[in-house]
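In case you want the letters, here they are:
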Amino acid sequence: MQPAHPGPQTPNRPSLVWFREDLRLDDHPALAAAAQSGPICAVYILEEGEDLSRPLGGALKWWLHHSLDRLQESLAEHGIGLILKRGDPRHIIPELVQHLDIGAVHWNRRYYAWSRPVDAAIKEELRGRGVSVGTYKASVLTEPWEVKTGSGGNFKVFTPFFRAAQATCDAWAEQASPAPQLVGHRGPALASDVLADWALLPTKPDWAGGLRQMWQPGEAGAHKRLTQFIEKALLGYGEGRNIPAKPATSFLSPHLHFGEISIRRVWNAARAAMRANPALQTDGQVFLSELGWREFSTQLIYHYEDFPEESWKEAFRSFPWKHDPSTLRAWQRGQTGYPIVDAGMRQLWKTGWMHNRVRMIVASFLVKHLLQDWRAGEAWFWDTLVDADVANNAAGWQWVAGCGADAAPYFRIFNPMSQGEKFDPDGHYVRTWVPELAKLPNKYLHRPFEAPTEVLRLSGVQLGRSYPLPIVNHEKGRKQALDALASLKQPVTGDLI
Ligand SMILES: Cc1cc2nc3c(=O)[nH]c(=O)nc-3n(C[C@H](O)[C@H](O)[C@H](O)COP(=O)(O)OP(=O)(O)OC[C@H]3O[C@@H](n4cnc5c(N)ncnc54)[C@H](O)[C@@H]3O)c2cc1C
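As the structure is a prediction and not an experimental result, all values here were calculated from the model.

Rules and cut-offs
Residues numbered from 1 in each chain as written. Predicted model: local features only at pLDDT ≥ 70, side-chain atom pairs only at ≥ 80, totals over all residues. Heavy atoms only, no water. Domains from an automatic or database assignment. Contact = heavy atoms within 4.5 Å. Buried area = accessible area lost by both parts, 1.4 Å probe. Salt bridge = Lys/Arg side-chain N within 4 Å of Asp/Glu carboxyl O. Polar contact = N/O pair within 3.5 Å; in protein donor to acceptor, adjacent residues only side chain to side chain. Helix = DSSP H or I, 4+ residues; strand = E, 2+ residues; numbered from the N terminus. Nonpolar A, V, L, I, M, F, W, Y, C, P; charged D, E, K, R; others polar. Near = heavy atom within 4 Å. Areas by Shrake-Rupley, 256 points an atom, 1.4 Å probe, with all protein chains shown as cover. Axes fitted to C-alpha atoms, helices over the stretch in contact; angles between N-to-C directions. Parallel < 35°, antiparallel > 145°, perpendicular 65-115°, else oblique. Phe/Tyr/Trp six-rings, centres within 6.5 Å; stacked < 30°, edge-to-face > 60°. Buried < 20%, exposed > 50% of the residue type's maximum accessible area, 1.4 Å probe, protein only. Lys NZ or Arg CZ within 6 Å of the ring centre and 35° of its normal.

### A look at the domain arrangement of the chain
Item 1. According to the domain assignment, the chain contains domain 1 (15–137), domain 2 (140–174 + 219–303) and domain 3 (314–486).
Item 2. At the interface, 17 residues of domain 1 touch 24 residues of domain 2.
Item 3. For domain 1, the biggest contributors to the area lost against domain 2 are Trp-63, Tyr-111 and Lys-137; these three give 40% of the whole.
Item 4. Counting every contact that joins domain 1 to domain 2 gives 4 salt bridges.
Item 5. Put simply, Lys-137 and Glu-146 hold a salt bridge, and the shortest N to O gap is 2.8 Å.
Item 6. On inspection of domain 1 and its partner domain 2, the count reaches 16 residue pairs in polar contact (both at pLDDT 80 or more).
Item 7. Top element by residues in the side of domain 1 that touches domain 2 is helix α2 (residues 58–76). It accounts for 4 residues.
Item 8. Along the lines of polarity and charge, the residues of the side of domain 1 that touches domain 2 split into 8 nonpolar, 1 polar and 8 charged.

### Overview of the site of the ligand
Item 1. Around the ligand, the structure places 28 residues, and the nearest of them are Tyr-237, Thr-249, Ser-250, Phe-251 and Asn-356.
Item 2. At a separation of 2.5 Å, an oxygen atom of the ligand approaches a polar side-chain atom of Tyr-237.
Item 3. Here an oxygen atom of the ligand and a backbone polar atom of Asp-389 are 3.1 Å apart.
Item 4. With the chains in place, 95% of the 820 Å² that the ligand exposes on its own is no longer accessible.
Item 5. Breaking the shell around the ligand down by element, the ones donating at least two residues are α9 (253–257), α11 (281–303), α14 (356–369) and α16 (390–401).
Item 6. Looking at which element gives the most residues to the shell around the ligand, the answer is α11, with 6 residues.
Item 7. Counting contributing residues per domain, the shell around the ligand is built from domain 2 (140–174 + 219–303) and domain 3 (314–486), each supplying no fewer than three.

### Considering the packing of α11 against α16
Item 1. Orientation of α11 relative to α16, taken along the N-to-C sense of each, is 95°, at an axis distance of 8 Å. Classified by the angle between their axes, α11 and α16 sit roughly perpendicular to one another. Counting all contacts with α11, which are made through Trp-293, Arg-294, Ser-297, Thr-298 and Ile-301, the residues of α16 involved are Val-390, Ala-391, Asn-392, Ala-395 and Trp-399.
Item 2. The residue inventory of the contact of α11 with α16, partitioned by class, reads 6 nonpolar, 3 polar and 1 charged.

### Focus on the packing of aromatic side chains
Item 1. Scanning all chains against the criterion turns up 32 aromatic pairs.
Item 2. Taking 6.4 Å as the distance between ring centres and 75° as the angle between the ring planes, the aromatic pair formed by Phe-162 and Trp-267 counts as edge-to-face. Pair noted here: Phe-162 is in helix α5 (residues 158–173) and Trp-267 is in helix α10 (residues 263–276), with a separation of 105 residues, a long-range link. Pair check on accessibility: Phe-162 and Trp-267 agree, each one buried.
Item 3. Both rings, one in Tyr-237 and one in Phe-287, keep their centres 5.4 Å apart while their planes meet at 90°; by these two values the pair is edge-to-face. In this pair, Tyr-237 is assigned in helix α8 (residues 237–240) and Phe-287 in helix α11, connecting sequence segments 50 residues apart.
Item 4. Among the residues examined, Tyr-237 registers a relative accessible area of 5% and is labelled buried.
Item 5. For Phe-287, a relative accessible area of 3% corresponds to the buried category.
Item 6. Ring pairs connect the aromatic residues Phe-155, Phe-158, Phe-161, Phe-162, Trp-267, Trp-293 and Phe-296, which therefore count as one cluster.
Item 7. Above the face of the Trp-18 ring, Arg-20 is positioned so that its terminal group lies 4.4 Å from the ring centre.
Item 8. Over the face of the ring belonging to Trp-382 we find Arg-54, whose NZ or CZ atom lies 4.3 Å from the ring centre.

### What to know about the pattern of salt bridges
Item 1. What the rule picks out here adds up to 27 salt bridges.
Item 2. Residue Arg-447 is joined to Glu-421 by a salt bridge in which the shortest nitrogen-to-oxygen separation is 2.8 Å. Pair noted here: Arg-447 is in the loop between α19 (442–445) and α20 (453–459) and Glu-421 is in helix α17 (residues 416–423), with a separation of 26 residues, a long-range link.
Item 3. The buried category is assigned to Arg-447, whose relative accessible area is 18%.
Item 4. Judged by relative accessible area, Glu-421 falls into the partly exposed class, the value being 29%.
Item 5. One salt bridge connects Lys-479 with Asp-483, and the closest N-O pair in it is separated by 2.8 Å. One end of the pair is Lys-479 and the other is Asp-483, both in helix α21 (residues 474–486) and 4 residues apart, which spans about a single turn.
Item 6. A relative accessible area of 42% means that Asp-483 is categorised as partly exposed.

Written out as structure tokens, the structure is:
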């Protein structure tokens, strides 16, 4: 598919920009195109309906509220009111077009199985009425149909995908452009919903205190994070990104998910820093490849529409998952008796984010030691992560569960004690999130159940009371997982390029 530019537009009729996962003004292709032809109206639709979207999780709702609030402020500075509507865009967009006498509608493309038919239907309807429609690449550097294997198919393995994708990433990123001159449309007033009435923020109880402390949703917050990261953490990222106690990653994931910063800006900032300082080459390349995983995940959900719900490797479709609500609950609450797992789950609950290394550890523990379906973990992450993303979340879970494209082999089972000792050797991370273990010496911090009674007593730990005993014995959990794998009806095959 090529970028779809609108046809000729009747002069003086306003254009409508439909904001979706692109809540920014800078480097916004749909906004830039609309600005070229005159006055602008802007809408955000809270899409509701079974075939329309996946209902937002609690943490995503919290973020969306604040991000829309910021976007309303930024647009208002240019005399543009952001119209808020909830419901089915297939009705709302044509109604707005008629009411405001819109000449062209512009939006940036999304790649979900449910959103593509909706976009196509709206495009057809509008074009049938003589209204121009422009759609643009914006949330990714490579659209899912752009990077192909030698035989013309899509890649199923990351490394060759990323090797082939980088030239397109560079070329597209170079075209980033600043926010355009904007002129608001002075036409008939249109009733907009009031953001507060959408009740996106939690009230009873208000569990968002930790989120407020950690995050600044919106375009300004996103750019601040990028600058901080490039200046303070890019050097050393390759190693530092594995240490959960260190703020050594970019923390850009929720900003990227909501499109508060363009992926081109992030890519360019890393590239520019690498050019300016040769010492950043290796770390910079690791960072770019993480952005590459984001591209890879997006193309997976595009080419395999049921990827977010179904194990990609067919062999896993008969996997004997256990479906045990009480086990799942202990994991969700950070009460498994394995400190690194519990620390991660509590960090997630408090801040809406979890370090990538720990996401891998907790996910492995759930699907392997506890034999719970990866979809149960994915759903919990969906509800609690501020960066919950259909593509990255499903790809992350399927990678860990061993059932995804280019996944870790299922038989590679993380040992939660040795992972903790390797990546949190001084215990700063566990002590922050599992304070009841704070006084344990490092030797036992990641395996309190092996500590002698006297050490536990001196550290104020009562196993089974102040901190749980392990929910499953590591060796037993490991063996159960391997037995479950061996029971699959079909062999698990390797990946194909
Ligand atoms: C089980 C599991 C679930 C995950 N769920 C999500 C999710 O819902 N949303 C999400 O954005 N990421 C998800 N990830 C990927 C990764 O953990 C986060 O993107 C990362 O921790 C975000 O922190 P950061 O912005 O500081 O990352 P950085 O290390 O600074 O990376 C920069 C950016 O690259 C992208 N990125 C990094 N790692 C990955 C990856 N493995 N896959 C895809 N993109 C990546 C993100 O957009 C990230 O913001 C998941 C990983 C696992 C193992």
